[in-house]
Amino acid sequence: VESNSGVSSPTILIKDTDTSIAANQVLGKIDFEISDASNPAIQARIDAYSSTSYGNPSLRFFTGDLTGLHQYMNIAYNGDISFYEDTGTTAKLFWDASAESLGIGTTSIPSGNKLAINTGSINLSNDWSLNWGDGSAAINGNGSSDYVRFYTADTERMRIDASGRVGINTDSPAAALDISQANAR
């Protein structure tokens, strides 16, 4: 470890003097330990890890307790970021930097997608919307009032209410299908 503390922005350099890098090699690490002599243990770790023999290290972040450390985050050399579930073994939130895409429950994001969800649902708060482009096209819902609304050009065009009635150009449909337009066919 080398320290450069004589400057206004001190740095610490962890230098691996090995001239070759092996696959699955830790290149350097910082351990955070508790100082309680009766229960000494590493509580957190950051390491630089190379999974290949040609470098391209990633930064891995671990936390734990007296039973051991678990990996909870990985930042790959290419900017990909993985967050792991509670046991620290499976990536459950994955950012693909080159594709600018997010995977929830998956690290396999189909080409062209910006969001991939393996299982589960997306729950939005009441009156939140899914918007396209500038937001003038949207789907909005409210669980308390129990409706779903569809917008184009910033105007509500269709609503499905709590009883399943569909209203087109009306926000209070009176029949199974209620179209409010003079020249409706």
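Residues numbered from 1 in each chain as written. Predicted model: local features only at pLDDT ≥ 70, side-chain atom pairs only at ≥ 80, totals over all residues. Heavy atoms only, no water.

Caption draft 1: Fine view of the overall build of the chain. Secondary structure summary: the chain contains zero helices and 16 strands in total. With 185 residues in all, the chain has 22% of them scored as buried. Here the chain has roughly 12,500 Å² of accessible surface; of this, 52% comes from carbon and sulfur atoms. (Helix = DSSP H or I, 4+ residues; strand = E, 2+ residues; numbered from the N terminus. Buried < 20%, exposed > 50% of the residue type's maximum accessible area, 1.4 Å probe, protein only. Areas by Shrake-Rupley, 256 points an atom, 1.4 Å probe, with all protein chains shown as cover.)

Caption draft 2: Highlighting the packing of aromatic side chains. Applying the stated criterion to the full structure yields zero aromatic pairs. Positioned over the ring face of tyrosine 49 is arginine 60, at 3.8 Å from the centre of the ring. The cationic tip of arginine 159 hangs over the ring face of tyrosine 147; the distance from NZ or CZ to the ring centre is 4.6 Å. (Phe/Tyr/Trp six-rings, centres within 6.5 Å; stacked < 30°, edge-to-face > 60°. Lys NZ or Arg CZ within 6 Å of the ring centre and 35° of its normal.)

Caption draft 3: Molecular detail of the sheet that holds strand E16 (residues 177-179). Pairing is mixed in the open sheet, where six strands are placed in the order E11-E12-E13-E14-E15-E16. Of all the strands in the sheet, the pair left with one neighbour each is strand E11 (129-132) and E16. The average angle at which neighbouring strand axes cross in this sheet is 15°, direction not considered. (Pairing = 2+ DSSP bridges. Axes fitted to C-alpha atoms, helices over the stretch in contact; angles between N-to-C directions.)

Caption draft 4: Here's a closer look at the sheet that holds strand E9 (residues 101-104). If you walk across this open sheet you meet the eight strands as E3-E4-E5-E6-E7-E8-E9-E10, and the pairing is mixed. Either end of the sheet is taken by a strand with one partner, and the two such strands are strand E3 (25-33) and strand E10 (115-117). Taking the axes of each pair of neighbouring strands and ignoring which way they run, one obtains an average angle of 20° across the sheet. With six bridges joining them, strand E4 (residues 42-50) and strand E5 (residues 58-65) adopt antiparallel strand pairing. Considered in E5, the bridge of isoleucine 46 is made with phenylalanine 61.

Caption draft 5: Fine view of the side chain of serine 101. Within the secondary structure layout, serine 101 lies in strand E9. Overall, the relative accessible area of 1% leaves serine 101 in the buried class. Among the polar contacts made by the side chain of serine 101, one reaches the main-chain carbonyl oxygen of alanine 99 at a distance of 3.1 Å. Among the polar contacts listed, one links the side chain of serine 101 to the backbone oxygen of asparagine 113, at a separation of 2.7 Å. In this structure, serine 101 is in contact with Phe94, Trp95, Asp96, Ile109, Asn113 and Lys114, ignoring residues within four places of it in sequence. (Polar contact = N/O pair within 3.5 Å; in protein donor to acceptor, adjacent residues only side chain to side chain. Contact = heavy atoms within 4.5 Å.)

Caption draft 6: Fine view of the pattern of salt bridges. Applying the stated criterion across every chain, the model contains five salt bridges. In this structure, aspartate 31 engages arginine 45 in a salt bridge whose closest nitrogen and oxygen atoms are separated by 2.5 Å. Of this pair, aspartate 31 sits in strand E3 while arginine 45 is found in strand E4, placing the two residues 14 residues apart along the sequence. One salt bridge connects arginine 165 with aspartate 161, and the closest N-O pair in it is separated by 3.0 Å. Residue arginine 165 is classed as partly exposed on the basis of its relative accessible area of 32%. (Salt bridge = Lys/Arg side-chain N within 4 Å of Asp/Glu carboxyl O.)

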